[in-house]
Every structure is written in structure tokens, then in C-alpha cells.
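# Architecture at a glance
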Amino acid sequence: MWLTPERFDNLEFSPDVCVADLRRYVPLPTVKAELQAYLLQLKNKLVEAINEDYSDYVGLSSKLGGLEGAVVRMRQPLLDIQGKLTAVQDAIKAELQALQQGLQRRQDAAAARATLELMQEAAASTGKVEKLLEEVAAAAAAAGLQQQQSAASASGSDGGAAATAAAAAGGSGEELDAHCRLLERVSGEAARLLYLGERGKHLAFVKGLERRVLSCRMSLDRQLQAALTRSLAARAWPAATHCLRGYLELGDPSRGEEGLRSGLVSPLIKQVVAEDAAGPLLASLAAPGSGLGGFDLLGAVLLAEISQAVADGMPGVFSPGNPAAFQANFCAGQDLLAQLEALAASRAAVERLRASSAAAGWAKRWNLPVYFSLVFQDIAGTFEAAAKASQLQQASPSQQQQQQQQQLRLAVSAALWSALQRCVAPDVFLQALADRFAKLAFQLLRLVVGSLSPQLAALLAGLPGDAVAQLTQTLAQLAGNIAQHGQQVLLLIGGDVLERCMAMVRQLKGITATYRMTAKGPPVRHSHYVAGVLQPLRQLLETAGPVQQLPDALKLLLARDVINNVNERYNALAEELLTTVKKTESSLKRLKKSRPGEDAAAAATAGAAAAMSDSDKICLQLLLDVQEHGRQIARFGLAAEQLQSFNQLLATVTPPEQQQLEQQHQPGSSAEQS
């Protein structure tokens, strides 16, 4: 018997587990009928039990005569115990309240001490930054005075020009490097001051320091900008590196990028300086271990300045008025971007360059739609002139010579081939406009079909029967070749959609983690990922585009091909998962047999409850998922049970017991006939 009443006596009995276990072997209506019959049987037994002991039940009141006196005697001792417990409880509450008050006072004292230390540290840090800035300003003034005296003393000698240049550049390299190193130290102290100000922004004392902090920040920014400019002018790359690190300490890399762009990149581009003029600094900035990765050197500095310099110096580069020149300039611009990406030290730097505002601004400067419009008019206009002829004409000698390898005899065919070649010519085609050039090629083919149809009809009317039959056979063969290529295109489209569908199917591997060694109950509905398995295919067929314009028969063919491939891969993943689950279950059983003393109680409880194992839960979840997958297939106009791939998938995830039960309930089966 599949219904064992002993399971109802277990304390851990769960109706959900019981029903989920029974539904695998018996239909739910049969389970309901058996349970109702068992309920009626229990009610009859209850009536019989009451009738057997009814006399004892009636005489129960006569046997409780002295109970009230016993209760009165026990009341007073219980009240005494209650009073003592209440007193102890009140004392404990008083002690607990005193402890909590002491802890609160300690926390308040700690918070007050931390606030006092914060204010003292903020005041000390402000004074330290101000003192360091005064030292920097004094050193800069002394260095400037010394440079002026040196320049004045050397003005009459042969080295006057060199001395003047050195003075303009900011002194000797050692002095400039020491000055920039000091600015980097001040930047670190200023960064700490800003951090303290942010922590204590709610304190009145810290708010009173805001004006001094702002003054220090503005003074430091001026000093850094001036030092960076002098370092770049003197080509003192170590000193410039110290300034850039100072900007990073302050958390303001954009100001450093502006300084690099105006002081380094702009002069290089405008004056076309030799390639190695700024090579050491650029190399140090781009090095992975330089510590200067916060600067967007490739995007915000190099590409932004190059884009602006080209726009200012050569505005005609971005004009599509001359399509040939525009195409060459665009290809050169793409090569420039590729070279900049090659300078990136990591993939993250490449992604940062592509996502930068400079790259977006560079792309907007190229008016690609206007360029394609001009090319479209040129190609389509030349072809339409040859396709509008009222009669079929032979290709001219020049056209036959150009199309000698293709052996094209008609003028319209030669014009079509020439137009298609121009669509993919290296001096016309652009990768960014690949979809538009492909659409143009299909439009040309469609125009040829429309123009040749009436002319071919008139030509066929005057041909003998055997010639028409031979021509019809040739056209049928060509149509078959075209249809074969069309199916290959559909397979390519379906391959891309298939990979996106399988990305959702692979989530079934998470079912094992959901039910293995957990107390979660058996599944009652499908997994959440199933509804999204065929979503990429649905989006492809329903979104406005070339695929939506296909005939319904081709769209159904595409859907059938993708769904069959999904079912086959789904089946392979399900088989792999079930094999792994069975191996794991066998290993656990062997482990339990080797330790019978430890798991005896658990095994007895599990046997009494007849609950589902983890493997059964996983198998049931797979079955529910595949059943929902079949309902999703029906939304595409396909019957899932008529697809062999789906039937194989369903057979893989269906337990053998349920398969046997379903075979017994099939119409005409031996069980029903008996």
C-alpha cells in the first residue's frame, strides 16, 4: 500500500512533504479520495472509543471531591515563593539599570574625548599646513631673487641666454625637485586636514576653521600649478611627478590633467616636437607601478588635446563634403585610437579610455550619417541609371573588360556588380557603417529583381518551349542555392541567440546548492530562470528590425532551430547534473553505512517520516523546470510534445517510477484493460 497511516504519528510529519512524495506515484484526485476514506475511518474509531469508556467519563466528577482543599493548602507557599522571586527580580533590575547608566556615562565620556582630540588635531594640522605653506612661499621667493641676481650678473657674458632660460624655467633641477618634494609633503598634510574637516563638519569649532582651510587649499593649489608648469618647462620629470602625486593626495586629479594638457601635450602637438621630448614623463605616468594611475592620461589629456588641436588647426578634417578624404581621415582617426589603446597598461585602462568623455567627443566630430548619404546617392544613382532601361542590354566592352572574371553579359548585372564592389571597397567602406552598407546591398538586389521581372516575362514569351524549360531549371537551381545561403544566414543568427539562451540555462547548476544538505522543503513550482531561457529569441522575433520583416515561415524555422539546439544542450546539462547527484548520493550512503552508530537515530527518523531525499528534490525541481520550459515553447506556435529534442529532455528528468505510472495510465494500457 502506498498510503501508510504510521507516517501521520510522527512528530515531524509535514503535509507538504507527504503530498509531494505521493504525487510522484499517484494522481492527486486518488490521494484525496484515499485520505477522505481514512478520515471517515478515524471518525468511526473515535465514536467507538467514546462509547467503550463512556461510563468512566460520566463518573469522573464524583472522583474529584477533595481537590479544592488541596489547592487551598498549596496556595500560601506558592504566594510566598512569588514574593521572594519578585524581590530578587527588582534587585537585579536595579543593578542592571545602574550598570547601563555607568556604561552610558563611559560612552559619553569616550565620545567627548574623541571630539576633543579631533578638534585639537584639526587645529594642529591647520597650523602645520599654514607653516609649511609659509616655508614654501619663502623658499620660492628666495629662489626667485637668487635667479634674478644670477641672470643679471650673467647678462653681459656669452652664457646670458642660457642663464635667462634657466631662470625662467625655475632654477636648477635639484632646487626645483626639492621644492616639488616639499609641495608633495604639504599635499599629504592638507589631505589629512581635509579628512579631519569632513569628520568634524558638524562641530562649531571645525566650522570656524573652514576659512583658514579654504585659504590653505587655494594657496597650495596655486603653488602646485606653478611648480608643475615650471617642471614641465624645464623638463624636470621627477619634479613633475612629485607635483602630480600631490594632486592625487588631494583627491583632485582633474587639475593635474589640466596642467599636463596645457603644459605638456598642447606644446607638443602645436609645435610638433620630437617623439622622445616628453617620453620619460609619459612613460612614468603610464607605468603600472608608478602610483599615478588616478590620472586619465590617454583620454582626458592626450585624446582631448589632440581632438581640440585638430579641430582648431584643421577643421576640414571632420567635414564629409569630400567623401574620399573624409573616409581616409576617419580611418586615420581610428588608427590613432588603436595606437592610444595600445599604450594602455591594462584592460581596465582601455575600458576607461573608451568610456571617457574625450572618446565620446571625438566620435561626435565625425558626421557619419552625412557621409553615408553622399555615398548612397553616388552608388544608387549610378546603378539606377543602368537599371531603368526599358529593354535588356548587353554590357559595354568596358564593362565586360572590368567584369571579365564574373562573365556578366547584361549591362544591369555589370552595374549591380560594380555597385556591390563599391559598397565593400577599402576607400568607401567603414566598419562603423557596416549595417547600412549591408542594407544598401540588399536594396540594390531587390531593385534588380523588380526591374528584371517585366523584361524577363516579355523575353520568355518569345522563347521556344525547350529553352523555357532549360531556363526554368537553371533558375530553380539558383533559387535553391540562394535558399541554402539564406538558411546559413539564419543559422548564424540563431547561433548568437543560442549562446544567450544557454547563459540562462546554465543557472540550473544552482539547483544542487539549493537542496543539498539543507532543510528546504520540496519544490512546488519551477525555478525563476526558466522564464528567461527563450527570452533572447522572443526579443529577436518581436523587436522591430530585419528579422521581424521575414515571412512567418522563416521566423518559425528560425525559432524551431534555436529551440531544438537549446533542448539538446539543456538535455546534456541535465544529464550531467543528474549523474553528479546520483554519485554524490551513493557516496553519502556508503559514508552512513560506515558510521551506523552516529546516524542510527537520524536514519530511523527519516525512515519513519518517509521524507524526500535531497536527490529527489533536485530531480523534482528539474522536472518542474522542464515542464515550464515546454509551456514557454508553446508561446512560439510550436507543440513541445511534437519536438523529439524536448521529449528526450523530458524523459531525462522524469523519474523511472513516474514513467512507469504514466505508461500504466495511458489509454489502452494492459493495467486499465485488466
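Residues numbered from 1 in each chain as written. Predicted model: local features only at pLDDT ≥ 70, side-chain atom pairs only at ≥ 80, totals over all residues. Heavy atoms only, no water.

### Things to note about the overall build of the protein
Scanning the protein from N- to C-terminus turns up 28 helices and zero strands. Taking all 674 residues of the protein together, 31% fall into the buried category. In the protein, 75% of the contacts between residues at least 6 apart in sequence involve partners at least 24 apart. Of the roughly 41600 Å² of accessible surface on the protein, 57% is carried by carbon and sulfur atoms. (Helix = DSSP H or I, 4+ residues; strand = E, 2+ residues; numbered from the N terminus. Buried < 20%, exposed > 50% of the residue type's maximum accessible area, 1.4 Å probe, protein only. Contact = heavy atoms within 4.5 Å. Areas by Shrake-Rupley, 256 points an atom, 1.4 Å probe, with all protein chains shown as cover.)

### Here's the deal with helix H15 (residues 357-364)
Within H15, the full set of buried residues consists of Ala-358, Ala-359 and Trp-362. One side of H15 carries all its buried residues, which in axial view fall inside an arc of 100°. Exposed and oriented more than 90 degrees from the buried face of H15 are Ser-357 and Lys-364. (Arc of directions from axis to C-beta.)

### Quick look at the pattern of salt bridges
In total, this model carries eight salt bridges according to the counting rule given. Residue Glu-121 pairs with Arg-192 through a salt bridge whose shortest N-O separation is 1.8 Å. Taken together, the residues span a long stretch of sequence, with Glu-121 in helix H4 (residues 67-153) and Arg-192 in helix H6 (residues 173-199) at a distance of 71 residues. A salt bridge links Glu-130 to Arg-212, with the nearest nitrogen and oxygen atoms 3.0 Å apart. Within this pair, whereas Glu-130 is found in helix H4, its partner Arg-212 is found in helix H8 (residues 210-233), the two being separated by 82 residues in sequence. Residue Arg-212 is classed as partly exposed on the basis of its relative accessible area, which comes to 34%. (Salt bridge = Lys/Arg side-chain N within 4 Å of Asp/Glu carboxyl O.)

### Focus on the packing of aromatic side chains
The full count for this structure, using the stated rule, is nine aromatic pairs. With a centroid separation of 5.2 Å and 90° between ring planes, the pair formed by Phe-8 and Phe-13 is classed as edge-to-face. The partly exposed category is assigned to Phe-13, whose relative accessible area is 30%. Relative to Phe-437, the ring of Phe-429 has its centre 5.6 Å away and its plane inclined at 50°; by these criteria the two rings are tilted. We classify Phe-429 as partly exposed; its relative accessible area is 26%. Overall, the relative accessible area of 2% leaves Phe-437 in the buried class. (Phe/Tyr/Trp six-rings, centres within 6.5 Å; stacked < 30°, edge-to-face > 60°.)

### Points about the environment of Gln-632
Here Gln-632 shows up in helix H25 (residues 614-634). The buried category is assigned to Gln-632, whose relative accessible area is 8%. Note: C-alpha distance between Gln-632 and Gly-532 (100 residues apart in sequence) is 9.4 Å. Setting aside anything within four residues of it in sequence, one finds Gln-632 in contact with Val-530, Ala-531, Leu-534 and Arg-538.

### Quick look at the packing of H25 against helix H26 (residues 644-653)
One can describe the packing of H25 onto H26 by two numbers: an axis separation of 9 Å at closest approach and a directional angle of 160°. What the angle tells us is that H25 and H26 run roughly antiparallel. For H25 against H26, the interelement crossing comes out left-handed. Contact with H25, carried on its side by Cys-619, Leu-622, Leu-623, Val-626, Gln-627, His-629, Gly-630 and Ile-633, involves Phe-646, Leu-649, Leu-650 and Val-653 of H26 and no other residues of that element. (Axes fitted to C-alpha atoms, helices over the stretch in contact; angles between N-to-C directions. Parallel < 35°, antiparallel > 145°, perpendicular 65-115°, else oblique. Left-handed = near helix turned anticlockwise from the far one by under 90°.)

### Overview of a negative patch on the surface
Together, Glu-48, Glu-52, Asp-53 and Asp-56 line one region of the surface with negative charge. Considering the arrangement of structural elements, one finds Asp-56 in helix H3 (residues 54-58). (Patch = residues over 30% accessible without salt bridge, like charges linked within 9 Å, V, L, I, M, F, W, Y side chains within 5 Å. Lys, Arg positive; Asp, Glu negative; His and termini not counted. Charge placed at Lys NZ, Arg CZ, Asp CG, Glu CD.)

### Considering the nonpolar core
Side chains of nonpolar character tend, in soluble globular proteins, to be buried together. Grouped together as the largest cluster of nonpolar side chains are 40 residues, with contacts concentrated most on Val-505, Leu-508, Leu-537, Ile-563, Val-566 and Ile-633. Of all the secondary structure elements, the ones that give two or more residues to this core are helix H20 (465-505), helix H21 (510-515), helix H22 (535-542), helix H23 (552-594), H25 and H26. Top element by residues in this core is H23. It accounts for 11 residues. Filtering out sequence-adjacent residues up to four positions away, Val-505 remains in contact with Tyr-529, Val-533, Val-566, Tyr-570 and Leu-573. Core analysis: the next-biggest nonpolar cluster, separate from the first, contains 35 residues, Trp-366, Tyr-371, Phe-372 and Phe-437 among them. (Core = buried A, V, L, I, M, F, W, Y, C linked by side-chain atoms within 4.5 Å.)

### Here's the deal with the side chain of Gln-327
Summarising the element assignment, Gln-327 is placed in helix H13 (residues 323-342). Not counting chain neighbours up to four residues away, the residues in contact with Gln-327 comprise Tyr-371, Pro-426, Asp-427, Val-428, Phe-429 and Leu-430.

### Observations regarding a nonpolar patch on the surface
A cluster of nonpolar side chains, contributed by Leu-46, Ile-50, Tyr-54, Tyr-57 and Val-58, occupies part of the molecular surface with about 570 Å² of accessible area. Of the residues forming the nonpolar patch, the biggest block, three residues, is contributed by H3. Checked against the element boundaries, Tyr-57 lands in helix H3. Residue class for Tyr-57 comes out exposed when judged on its relative accessible area of 62%.

### Describing the environment of Leu-578
By the secondary structure assignment, Leu-578 is in helix H23. For Leu-578, the contacting residues outside a window of four places in its chain are Cys-619, Leu-622, Thr-652 and Val-653.

### Remarks on the confidence of the model for the protein
Taken residue by residue, the protein gives an average pLDDT of 75. The fraction at 70 or more is 71%. H26 holds the highest mean pLDDT among the elements of the protein, 91, whereas helix H5 (residues 160-169) holds the lowest, 40. Under a pLDDT of 50 for its full length, residues 155-170 has, in the predicted model, 13 contacts with residues more than four places off or in other chains. Low pLDDT, under 50, characterises residues 601-610; the predicted model gives this stretch eight contacts beyond four residues in sequence or across chains. (pLDDT = per-residue confidence, 0-100.)

### Comments concerning the environment of Trp-362
As for its placement among the helices and strands, Trp-362 is situated in helix H15. Spatially, the C-alpha atom of Trp-362 lies 9.7 Å from that of Leu-337, the residues being 25 residues apart in sequence.

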